[in-house]
Amino acid sequence: MTGSSVEAPVGANGPTDPAGAARGYRPSATLPFGAEFRRQASRRRTQLALGFMVLLPLIILVAFQFNSGRDDDNGNNEFASLVDLATSGGLNFTLFSIFVSASFLLVVVVALFCGDTVASEASWGSLRYLLAIPVPRARLLTVKLVVALAYSGLALLLLAGTALAAGTLRYGWSPLRSTVAAELEPGEGLLRLLAVLGYLAVVLLVVAGLAFLLSVTTDAALGAVGGAVLLWILSSILDQITALGAVRDFLPTHFSTAWLGLLSTPVQTDDVVRGCISAISYATLFWGLAFWRFTRKDVTS
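Residues numbered from 1 in each chain as written. Predicted model: local features only at pLDDT ≥ 70, side-chain atom pairs only at ≥ 80, totals over all residues. Heavy atoms only, no water.

Caption draft 1: Structural context of the side chain of Thr162. Structurally, Thr162 can be placed in helix 7 (residues 137-171). Excluding residues within four positions of it along the chain, Thr162 makes contact with Val54, Pro57, Leu58 and Gly167. (Helix = DSSP H or I, 4+ residues; strand = E, 2+ residues; numbered from the N terminus. Contact = heavy atoms within 4.5 Å.)

Caption draft 2: Quick look at the nonpolar core. Ranked by size, the top nonpolar core spans 74 residues in total, and within it Phe113, Tyr199 and Trp259 carry the most contacts. Element by element, the count of residues in this core is highest for helix 7, at 14 residues. Residues within four places of Tyr199 in sequence aside, it is in contact with Phe255, Ser256, Ala258, Trp259, Leu262, Asp271, Val272, Gly275 and Cys276. (Core = buried A, V, L, I, M, F, W, Y, C linked by side-chain atoms within 4.5 Å. Buried < 20%, exposed > 50% of the residue type's maximum accessible area, 1.4 Å probe, protein only.)

Caption draft 3: Focus on a nonpolar patch on the surface. Together, Leu231, Leu234, Leu238, Ile241, Leu244 and Val247 make up a nonpolar patch on the protein surface, roughly 460 Å² of accessible area in all. Ile241 sits in the partly exposed class, given a relative accessible area of 37%. (Patch = residues over 30% accessible without salt bridge, like charges linked within 9 Å, V, L, I, M, F, W, Y side chains within 5 Å. Areas by Shrake-Rupley, 256 points an atom, 1.4 Å probe, with all protein chains shown as cover. Salt bridge = Lys/Arg side-chain N within 4 Å of Asp/Glu carboxyl O.)

Caption draft 4: Main features of the pattern of salt bridges. Inspection of the entire model under this criterion finds seven salt bridges. Residue Glu36 pairs with Lys144 through a salt bridge whose shortest N-O separation is 2.9 Å. With Glu36 in helix 1 (residues 33-41) and Lys144 in helix 7, this residue pair connects regions lying 108 residues apart in the sequence. Of the two residues, Glu36 and Lys144, neither departs from the other in class, the shared state being buried. Residues Asp116 and Arg43 are paired through a salt bridge, measuring 2.7 Å at the closest nitrogen-oxygen approach. Of the two residues, Asp116 sits in helix 5 (residues 105-124) while Arg43 sits in the loop between helix 1 and helix 2 (44-65), which places them 73 residues apart along the sequence. Of the two residues examined, Asp116 and Arg43, each falls in the buried class. One network of salt bridges, in which partners are shared, links Glu36, Arg39 and Lys144.

Treat this as a map of the structure, not an account of what it does.
If you want it as structure tokens, here you go:
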């Protein structure tokens, strides 16, 4: 050998670099976000979930049209007048749509996107093929989590956007009214609704984290989605038991309705801040456990 250069080793798939990887292979280039986003968009569950977010406000609108008269049996709680105020303007209709969806429907949708994303791959037997491309496990989880969160956020925006458009076209652009605040001008009312959506998005990170953790733990997508929803409901039930005292402050659902403070006059942000800290802490814990579990498990499906 007369030269001082060292030839790159040759693997089964062609020349490799000194580290043993195929020449040109970059872990960061595997499973692009756009490819996974389009892949999830083609799935029937994504289309149905997003479609229902658009359909729900229209169903509520039609239901109001068939309302033969005002009922006085809505209940004596602080939210009862939302039903009466829903038809007084687009902003109020949007607030009502968010109110009836926040406690369960949005929880199910977020759990669906985040709980199905990895477990469904395992149930189809395609997860091991993704890892054999090879896609690094941490990158695979990161991309799937980001895409699931993107679709969850899109679902929330579709619900509010459709409700605002349909409500405004039907009931007009009027001030925002509620039982916990003075009448708010449309511009300020819109900002308050955006703040409510932002807070709900943060609170739902707990559901996203829990569903994602269950998704990497089981091969049954239904189990991951249902488990996250059931645990959220269990936390909500426990939060109603006043005998638990200060323990309730540590439940992930304790501050789930703190968004009402964003509608009050003046704005009440104490519970909102506590709720954000609680949600981010729980979500970070669940996502950390998910990455720790998945990077160490044997993937056989």
